[in-house]
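Secondary and tertiary structure notes
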There are 2 protein chains.
Amino acid sequence: MHPYLNQISKINLFKSLSLDTIEQHIFKDSIIKSFEKGEVIKGRGDCLNHMIVLLFGKIQTEIVDFNGKIFVIEQIKAPFVPAIGFIFSKVSLPMDIIAVEKTTILFIKKEEIFSLLMKNKEFLEIFLENIGNKVNFLSNKLQINTLKTIREKIFYYLIQLYNQQMSDKIVLQNSLEELSQLFGIARPSLSRVFSDLEKEGIILKKKNEIKILNKDYISNLFENKK
Amino acid sequence: MHPYLNQISKINLFKSLSLDTIEQHIFKDSIIKSFEKGEVIKGRGDCLNHMIVLLFGKIQTEIVDFNGKIFVIEQIKAPFVPAIGFIFSKVSLPMDIIAVEKTTILFIKKEEIFSLLMKNKEFLEIFLENIGNKVNFLSNKLQINTLKTIREKIFYYLIQLYNQQMSDKIVLQNSLEELSQLFGIARPSLSRVFSDLEKEGIILKKKNEIKILNKDYISNLFENKK
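Residues numbered from 1 in each chain as written. Chains lettered and ligands numbered in written order. Predicted model: local features only at pLDDT ≥ 70, side-chain atom pairs only at ≥ 80, totals over all residues. Heavy atoms only, no water.

Some details on unusual backbone geometry
Residue and element names in this part refer to chain A. Of the consecutive residues Ala78 and Pro79, the connecting peptide bond is found in the cis state with omega at -10°. Here Pro79 shows up in the loop between strand 5 (70-77) and helix 3 (84-87). Phi angles above zero are rare outside glycine, and Lys207 is one such case at about 50°. Take Lys207: its relative accessible area is 77%, and that puts it in the exposed class. (Helix = DSSP H or I, 4+ residues; strand = E, 2+ residues; numbered from the N terminus. Buried < 20%, exposed > 50% of the residue type's maximum accessible area, 1.4 Å probe, protein only.)

Shown next, in the form of C-alpha cells:
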C-alpha cells in the first residue's frame, strides 16, 4: 500500500475513489515532492498543469506589489487541494504558493484528472459536488460579508437554512469552526453571541438544533437596516 | 434547426458543443417552459434535478424570513445558468427562483449533463474552466471586498494582474462593466477614479493597457492600512 494513501483519502475530493484506483491512477504518474520552509511550490505567472495536493505541512499564498513588497493572502493547512479554481482555468497563477514549514505535495497531472472524471462517474459527481459547494460557500460568504453585526450574520444564515429545510426546528449544517470562517469572525465571539441570544429568549439551542422563539426580533433586525 | 439554438450557444458553457450535439443531447430530453411574471420557477427546499438555463427574460432569487417577509437576493438576466453551485450539490435550494418578467427556461436533466461530460472532453474542459473561473471571481471579490476605497480595489486588482503577467505594462482582463461588478461599485465612479489617477500622474492608461508611473504611491497606499 502506498504510504500516503491514508492521507489522500482524507480529502473529500478523493473519498469516492477506491484505494485501487488511487494507487493505479493518482499515484502512478504523479510526482511527490517535499519543500522546505520558504521554498516556492508554484510561482506567479505559472500555468497549472497539475492539481496540487497538499498532503502534509502548511503553505501560504503571496503576491508582491510594484516595488517587490510581499503581501500574504492566506495560509492553508494539509490535507487540502489549494487553488482549485486555477487548475482548469486558462489564466496563469496570480500569486506565489510558498511552503511555510516542511511540506509534502502530490502533483497530479491535469490529464489524469480529466481521464478519471470521464471514466469514473462517482468521481465526476463528487468532484462537481465539491466545486459546487465551494461556489455556494463563497457566494454565501459574500452575502454575509455585507452584513455588519454578528447577530445579522447568524440570522441571515439561519434564514437560509430555514428556507432550505422548511421547518421551524433548524438543524445547523456547519460546525462553529466552519461558521466562524464563513462569518469571518473569531470563534469565541460567535459562541458568546449564540449564548446571549439564548439568554435573551430569542433562540433555543440544543446541540446543533435551533428553535426560533422571537421571530419579530429577527424581522425588526433586518427591517431597521433598510 | 431548433429555434433556441442561437440563444443557448451564447452561453459560455455550451460554446464548445457542436450544434449537432446541442440538438441531439441538450434539446432532446430537455423541457422548455415559459413563466409569467411572479411565477415560481424553482421553490426553496427543492433539490435541483435539472440544470436551469435561463434563455429569455429575467429572474430573481428570494428568501423569506421567519415571519414570511420576502428578501430579494439578486436579479439575473438571460442568457445565463443560475444556481450552478446547487446543480451538483446534495443540499436543497435555500431560495425561491422567481420570474420577474415573461421568462423562458430550458431544464436539462442532470443525468444528461453527466453523460455529456463523460463523453465529450472539450465540454468537460470548458465546463470545469467555467466553474473554476466562477470560484476565482468569487474569491477575488471577497478579497477586494475587504478593501475600503476604490483606489485600493483598483490597485489590488492591478497588483494581481502584475503578478500574473510579470510585466510593467499591465493588460486589463475585464471590461469596466465587469470591474464595477467585481468591485461592487457603480461604473461612473470607477471611470472617474481611473481618470483621477491619470491626472495625478500615478498611472498611464491606453485603452486596456496600464503603465504604473508612481509605484511608491501604491506601496504607501497599502502600507498605511496596516
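Observations concerning the sheet that holds strand 1 (residues 31-35) of chain B
Within a sheet, each strand pairs with its neighbour through backbone hydrogen bonds, oriented either parallel or antiparallel. Residue and element names in this part refer to chain B. Strand order in the open sheet formed by 3 strands is 1-7-3, and the pairing between neighbours is antiparallel. Each edge of the open sheet carries a strand with a single partner, namely strand 1 and strand 3 (50-56). Put simply, the sheet's adjacent strands are angled 25° from each other on average, direction ignored. Here strand 1 runs beside strand 7 (residues 103-109); their pairing, made up of 5 bridges, is antiparallel. Opposite Lys33, over in strand 7, you have Ile105 as the bridge partner. On top of the sheet, helix 4 (residues 110-119) reaches strand 3 and strand 7; it is set at about 60° to strand 7, its chief contact. (Pairing = 2+ DSSP bridges. Axes fitted to C-alpha atoms, helices over the stretch in contact; angles between N-to-C directions. Contact = heavy atoms within 4.5 Å.)

Thoughts on the relation of the copies chain B and chain A
Of the transformation placing chain B onto chain A, the axial shift is 0.0 Å and the rotation is 180°, giving an RMSD of 0.1 Å. Read as a symmetry element, the transformation amounts to a two-fold axis. For chain B, the residue whose C-alpha comes nearest the rotation axis is B:Met118, separated from it by 2.1 Å. The share of interface residues of chain B whose copies in chain A are also at the interface is 100%, consistent with both copies meeting through the same surface. (Least-squares fit on C-alpha atoms with pLDDT ≥ 70 in both.)

As for the domain arrangement of chain A
When the domains of chain A are assigned, the result is domain 1 (5-127) and domain 2 (143-223). The distance between the C-alpha centroids of domain 1 of chain A and domain 2 of chain A comes to 34 Å. (Domains from an automatic or database assignment.)

Description of the interface of chain B and chain A
Counting residues at the interface gives 60 residues for chain B and 60 residues for chain A. For the pair chain B and chain A, the two sides together bury roughly 5,700 Å², of which 65% comes from carbon and sulfur. Inspection of the region where chain B meets chain A yields 6 salt bridges. For A:Lys121, the salt bridge identified is with B:Glu111, shortest N-O distance 2.8 Å. At the junction of chain B and chain A, the tally comes to 26 residue pairs in polar contact (both at pLDDT 80 or more). Those elements giving two or more residues to the side of chain B that touches chain A turn out to be strand 4 (58-64), strand 5 (70-77), helix 3 (84-87), helix 4, helix 5 (121-145), helix 6 (150-165) and helix 9 (215-223) of chain B. When residues in the side of chain B that touches chain A are grouped by element, the largest group, 18 residues, is from helix 5 of chain B. Its residues assigned to classes, the side of chain B that touches chain A shows 29 nonpolar, 16 polar and 15 charged. (Buried area = accessible area lost by both parts, 1.4 Å probe. Salt bridge = Lys/Arg side-chain N within 4 Å of Asp/Glu carboxyl O. Polar contact = N/O pair within 3.5 Å; in protein donor to acceptor, adjacent residues only side chain to side chain. Nonpolar A, V, L, I, M, F, W, Y, C, P; charged D, E, K, R; others polar.)

Notes on the sheet that holds strand 1 (residues 31-35) of chain A
Residues and elements named next belong to chain A. Pairing within the open sheet is antiparallel, and its 3 strands lie in the order 1-7-3. Edge positions in the sheet fall to strand 1 and strand 3 (50-56), since each has one partner strand and no second. Between one strand axis and the next, the sheet turns through 25° on average, direction left out of account. The sheet contact formed by strand 3 and strand 7 (residues 103-109) spans 6 bridges and is antiparallel. When the sheet's bridge partners are listed, Phe56 is paired in strand 7 with Thr104.

Quick look at the pattern of salt bridges
The final tally for this structure, using the stated rule, is 22 salt bridges over all chains. For the salt bridge of A:Asp29 with A:Lys28, the shortest nitrogen-to-oxygen distance reads 3.9 Å. By relative accessible area, which is 58% here, A:Lys28 ends up exposed. Salt bridges linked by common partners bring A:Glu111, B:Lys121 and B:Glu125 together as one network.

A short note on the UniProt feature "domain: HTH crp-type" (unreviewed entry) in chain A
UniProt records the feature "domain: HTH crp-type" (unreviewed entry) at residues 148-216 of chain A, using the numbering of this structure. Within the segment residues 148-216 of chain A, helix and strand shares are 57% and 16% respectively, and the terminal C-alpha atoms sit 19 Å apart. (UniProt positions renumbered as here; feature names shortened; annotations may be inferred.)

Overview of helix 8 (residues 187-199) of chain B
Along an α-helix, residues three or four apart share an orientation, since each turn contains 3.6 residues. All names here are of chain B. In this model helix 8 runs 19 Å from its N-terminal to its C-terminal C-alpha over 13 residues, within 8% of the 18 Å that 1.5 Å per residue would give. Regarding helix 8, the residues found buried are Leu190, Val193, Phe194 and Leu197. Down the axis of helix 8, the smallest arc covering the buried residues is 100°, so these residues share one side. Facing away from the buried surface of helix 8 by more than 90 degrees, the exposed residues are Pro188 and Lys199. Packing partners of the buried residues in helix 8 comprise helix 6, helix 7 (176-183), strand 9 (203-206) and strand 10 (209-212). Gly201, located one to two residues past helix 8, shows a positive phi value of around 75°. (Expected span 1.5 Å × (residues − 1). Arc of directions from axis to C-beta.)

Quick look at the packing of helix 6 (residues 150-165) of chain A against helix 7 (residues 176-183) of chain A
All names here are of chain A. Taken N-terminus to C-terminus, the directions of helix 6 and helix 7 make an angle of 110°; their axes are 11 Å apart at the nearest point. With respect to helix 7, the axis of helix 6 lies roughly perpendicular. Between helix 6 and helix 7 the crossing geometry is right-handed. Together, Lys153, Ile154 and Tyr157 of helix 6 and Leu179, Leu182 and Phe183 of helix 7 make up the contact between the two elements. (Parallel < 35°, antiparallel > 145°, perpendicular 65-115°, else oblique. Left-handed = near helix turned anticlockwise from the far one by under 90°.)

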